[in-house]
Amino acid sequence: MPVEADLHLHTTCSDGRLTPTQLIELIASKGIKAAAVSDHDSTEGLAEAYLAAKRFPGLRIIPAIELSTDIPGDEIHILGYFMDYANAEFQANLGRFRDAREGRARAMVDKLRSIGIMIEFERVRHFAGDAAMGRPHVALALLEKGYVKEFPEAFDKYIGRNGPAYVERPKLTPEDSIGFVRQFGGAAVVAHPRDLKELDATLGHLKAAGLSGMEVYYAEYGNDQIAELARLASKHDLIPCGGSDYHHLGKPNEKVPGLMGPPLWVVDALEKAAQATRSERK
Ligand code: AMP
Ligand code: ZN
Ligand code: FE
Ligand code: FE
């Protein structure tokens, strides 16, 4: 069946490598009908995405965000959909999250230099531009200097979670992030849930904290994994979301949009869930 929706996409406004316009052109060429631009800690790509999508009347753009959160021993990414992203307080918070990303990238450069890997923070900033800075931009600076030959090697050797130059950054708890998304009228969804160790129990806790959905149709997952996640989503009454998490990094085997995604009804379900959080707060 052709993929109708892709609810997890990155652009040059965070660590993706396609501009919002390039991304929307790619998405439209795959016949996708609903696409969520879900950059890390930034909604800056949305205006350009909406503009680009005007040329493709069959394509609906959904406002989204991806937030990194922490539980002991694990990192959970929370996606938010349909928030009132123009809200000034919402944007002020995202600005603070992005500042923290920059401080952390500086700390990683310092750590790399302390072990003889001499990259410059200014090169990391160059690769990030105005975007929400992340480890992929540090990886590009490592590539440029020839310290690694391929992009993933930067994570394997230096800046992966257990690497010698990895630096934590202050993160919200998943409950805080769910509350944050809901505070601004959005629906919260757990991203790439197979990263989590105690998934069943965690979903129970997060559902109680106001979670609306979880990724099921995630491009990296196989059919058996998707079937198991669909069972868990149904058990916890969570909307079965998903998408490609496309970054256009050019890494080997990167899953492109159009291969995997949730059914289109999921978009309406998310919109209803978002509306419900708004009416609860009135
Ligand atoms: P950050 O948000 O700065 O912690 O960076 C996380 C991002 O780095 C993820 O969203 C991916 O885009 C990328 N990333 C993390 N681990 C790897 C890896 N092993 N190989 C390639 N990219 C990765
Ligand atoms: Zn990313
Ligand atoms: Fe993620
Ligand atoms: Fe992502």
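In this report, we go over the structure that sits alongside the text.

**Focus: the coordination of the iron ion (ligand 4)**
- Looking at the iron ion (ligand 4), one finds its protein donor set to be H8 (NE2), H10 (NE2), E66 (OE) and D245 (OD), positioned 2.1 to 2.2 Å from the metal centre.
- One can describe the donor arrangement at the iron ion (ligand 4) as irregular, given that its four donor atoms subtend angles of 77 to 163° at the metal.
- Between the iron ion (ligand 4) and the zinc ion (ligand 2), a spacing of 4.5 Å is present. Of this pair, H10 sits in the loop between strand 1 (5-9) and helix 1 (20-29) while D245 is found in the loop between strand 7 (239-243) and helix 10 (265-281), placing the two residues 235 residues apart along the sequence.
- Under the relative-accessibility criterion, D245 is labelled buried at 12%.

**Looking at helix 2 (residues 46-53)**
- Every buried residue belonging to helix 2 is among L46, A49, A52 and A53, and all of these are buried. Summarising the axial view, the buried residues of helix 2 lie within an arc of 125°, below the 170-degree limit, and thus occupy one face. Opposite its buried face, helix 2 presents the exposed residues A47 and L51, each directed more than 90 degrees away.
- Where the residues of helix 2 are buried, they touch helix 1, strand 2 (34-37) and strand 3 (60-71).

**Considering the nonpolar core**
- L67, L94, F180, V190, L203, L211 and M214 are the most contacted members of the largest nonpolar core, which has 30 residues in total.
- Of all the elements in the fold, those that place two or more residues in this core are strand 3, strand 4 (74-81), helix 3 (88-114), helix 7 (174-183), strand 5 (187-190), helix 8 (199-208), strand 6 (213-218) and helix 9 (223-235).
- The element that contributes the greatest number of residues to this core is helix 9, accounting for four residues.
- Residues in contact with L67, not counting those within four places in the same chain, are D41, I76, H77, I78, L94, F97, S177, F180 and V181.
- Core analysis: the next-biggest nonpolar cluster, separate from the first, contains 23 residues, M108, V138, L142 and V148 among them.

**Quick word on the site of ligand 1**
- Ligand 1 sits among D15, H40, R101, R104, G134, R135, P136, F151, F155 and H247.
- At 2.8 Å, a side-chain N or O of R104 approaches an oxygen atom of ligand 1.
- With respect to ligand 1, the side chain of H247 contributes an N or O atom lying 3.1 Å from an oxygen atom.
- When isolated, ligand 1 has an accessible area of 500 Å², and the protein chains bury 80% of it.
- Breaking the shell around ligand 1 down by element, the ones donating at least two residues are helix 3, helix 5 (135-144) and helix 6 (151-159).

**What about the coordination of the zinc ion (ligand 2)?**
- Around the zinc ion (ligand 2), the protein supplies D15 (OD), D15 (OD), H40 (NE2) and H247 (NE2) as donor atoms, at distances of 2.0 to 2.5 Å.
- Mapping the donors of the zinc ion (ligand 2) onto the primary sequence yields the spacing D-x24-H-x206-H.
- A separation of 5.9 Å is found between the zinc ion (ligand 2) and the iron ion (ligand 3). Highlighted residues: H40 in the loop between strand 2 and helix 2 and H247 in the loop between strand 7 and helix 10, separated in sequence by 207 residues.
- The class for H247 is buried, based on a relative accessible area of 12%.

Parameters at a glance
Residues numbered from 1 in each chain as written. Chains lettered and ligands numbered in written order. Predicted model: local features only at pLDDT ≥ 70, side-chain atom pairs only at ≥ 80, totals over all residues. Heavy atoms only, no water. Donors = N, O, S within 2.8 Å, 3.2 Å for Na, K, Ca; no water. Tetrahedral: all angles 85-135°; square planar, octahedral: opposite > 155°, others 65-115°. Helix = DSSP H or I, 4+ residues; strand = E, 2+ residues; numbered from the N terminus. Buried < 20%, exposed > 50% of the residue type's maximum accessible area, 1.4 Å probe, protein only. Arc of directions from axis to C-beta. Contact = heavy atoms within 4.5 Å. Core = buried A, V, L, I, M, F, W, Y, C linked by side-chain atoms within 4.5 Å. Near = heavy atom within 4 Å. Polar contact = N/O pair within 3.5 Å; in protein donor to acceptor, adjacent residues only side chain to side chain. Areas by Shrake-Rupley, 256 points an atom, 1.4 Å probe, with all protein chains shown as cover.

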